[in-house]
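One-letter residues, chain by chain:
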Amino acid sequence: MLNANPLTGSIGVEVTGLDLTAPPPPDEIAELNRLFVEHSVLVVRDQKLTPQQMVKAVELFGEIFEQHNKRFALPDCPEIHYLSNQDHFQESGKRYIPGEGYHTDHSNDAEPPKATVLFAVELPDSGGDTQFVDMRRAYDELPETTKERLAPLTAVHVYQSKHSERKLMALSPEQQAKIPASVRHPLVRTHPENGRKALYLNPIRIESIDGMEDAEALELLEELLAHATQETYQYRHKWRPGDLVMWDNRCLLHKANGDYDHAQRRYLYRVMLKGDRPA
Ligand SMILES: [Fe+2]
């Protein structure tokens, strides 16, 4: 029997008593989808999944999003990419912590993935938490004047914003050819499944705000990011082996932490689900 416990007052719900090696009954699948949309971060504990079983489990929530960069695909299950602290390095040889710094995944796509799912295969003894920010509550609690100012605004998203402090891995020409040079998304988007509004920011990808000078746009984006990333809007996930964590990119920011002993291996599987055009 499936048990669900909320992890904070808003985002995050922990599910126990579930074994995703085989499909659950339809009522449980519906309940899992409902929990995901309501709580935005779904934490399913104690799973023992092969890559193929993980893909089947994730497909209960939607259609798999084809990843742009094939470099970290599992050879026998290319829908899954792995995250590992052992072989992600920049060209300079510097260790690269994927996902460091708040962001939402692939917002430079016309239709960014609605969800990202990680499965913890191997973890360091401590550290390496993933932090999530509830962009619905962050939006709800903005002053009315700010909401009115944001309502008509659209932002230009690119692979790597000129303003980003974090430098992403360089794309090969083939990868570059697969993604648009830039896309426009509203700064406030409405969740297609529950109608709730959320701030849609991405400090590593937003290049500009339409109709605004860079200085003014940056000031606004920094102010919104500082507001949204306050501790009160956060859920900080401490990983346990066997955790399957799925989050809603449409209404959250997330970031990784590289604060662990890198002599220990941290290895997770990653899958994303297709989403629609932000509106
Ligand atoms: Fe990410």
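Residues numbered from 1 in each chain as written. Predicted model: local features only at pLDDT ≥ 70, side-chain atom pairs only at ≥ 80, totals over all residues. Heavy atoms only, no water.

(A) Up close: the coordination of the iron ion. Bound to the iron ion are the protein donor atoms His103 (NE2), Asp105 (OD) and His254 (NE2), situated 2.1 to 2.2 Å from the metal. Look at where the donors of the iron ion fall in the sequence and you get H-x1-D-x148-H. Taken as a pair, His103 and Asp105 share a single burial class, namely buried. (Donors = N, O, S within 2.8 Å, 3.2 Å for Na, K, Ca; no water. Buried < 20%, exposed > 50% of the residue type's maximum accessible area, 1.4 Å probe, protein only.)

(B) Here's a closer look at the pattern of salt bridges. Scanning the entire structure with this criterion turns up 20 salt bridges. A salt bridge links Glu122 to Arg265; the shortest N-O distance between them is 2.9 Å. One end of the pair, Glu122, is in strand β6 (residues 115-122); the other, Arg265, is in the loop between β15 (252-256) and β16 (267-273), and 143 residues separate them in sequence. Of the charged contacts in the structure, one is a salt bridge between Lys147 and Glu144, with a shortest N-O distance of 3.4 Å. Highlighted residues: Lys147 and Glu144, both in helix α4 (residues 144-150), separated by three residues, approximately one helical turn. Taking relative accessible area as the criterion, Glu144 reaches 52% and is therefore assigned exposed. Residues participating in the shared-partner salt-bridge network are Asp129, Arg236, Lys238 and Asp259. (Salt bridge = Lys/Arg side-chain N within 4 Å of Asp/Glu carboxyl O. Helix = DSSP H or I, 4+ residues; strand = E, 2+ residues; numbered from the N terminus.)

(C) View of the sheet that holds strand β2 (residues 13-16). What the eight strands build is an open sheet, ordered β1-β2-β3-β14-β6-β16-β5-β4; its pairing is mixed. Only two strands of the sheet have a single partner each, and these edge strands are β1 (3-6) and β4 (73-74). Strand direction decides the pairing type here: strand β3 (residues 41-44) and strand β14 (residues 244-248), joined by four bridges, are antiparallel. Its bridge partner being in β14, Leu42 is matched across the sheet by Met246. (Pairing = 2+ DSSP bridges.)

(D) Geometry of the nonpolar core. One finds Val15, Leu42, Met54, Ile80, Leu244 and Met246 to be the most contacted residues of the largest nonpolar core, which totals 36 residues. Among the secondary structure elements, those contributing two or more residues to this core are β2, α1 (26-39), β3, α2 (51-58), β5 (77-84), β6, β14 and β16. Dropping the residues within four chain positions of it, Ile80 is found in contact with Pro51, Met54, Val55, Phe72, Ala73, Leu74, Tyr269, Arg270 and Val271. Of all hydrophobic cores here, the second largest spans 25 residues; its members include Leu153, Met212, Ala217 and Leu221. (Core = buried A, V, L, I, M, F, W, Y, C linked by side-chain atoms within 4.5 Å. Contact = heavy atoms within 4.5 Å.)

(E) Geometry of the packing of aromatic side chains. Going through the model one piece at a time under the given rule, you end up with seven aromatic pairs. Here the aromatic rings of Tyr267 and Tyr269 are separated by 5.9 Å at their centres, their planes lie at 75°, and the arrangement is edge-to-face. In this structure Tyr267 comes out as buried when scored by relative accessible area, which is 12%. Taken together, the ring pairs connect Phe72, Tyr82, Phe119, Tyr267 and Tyr269 into an aromatic cluster. The lysine or arginine in question, Arg265, covers the ring of Tyr267, its NZ or CZ lying 4.3 Å from the ring centre. (Phe/Tyr/Trp six-rings, centres within 6.5 Å; stacked < 30°, edge-to-face > 60°. Lys NZ or Arg CZ within 6 Å of the ring centre and 35° of its normal.)

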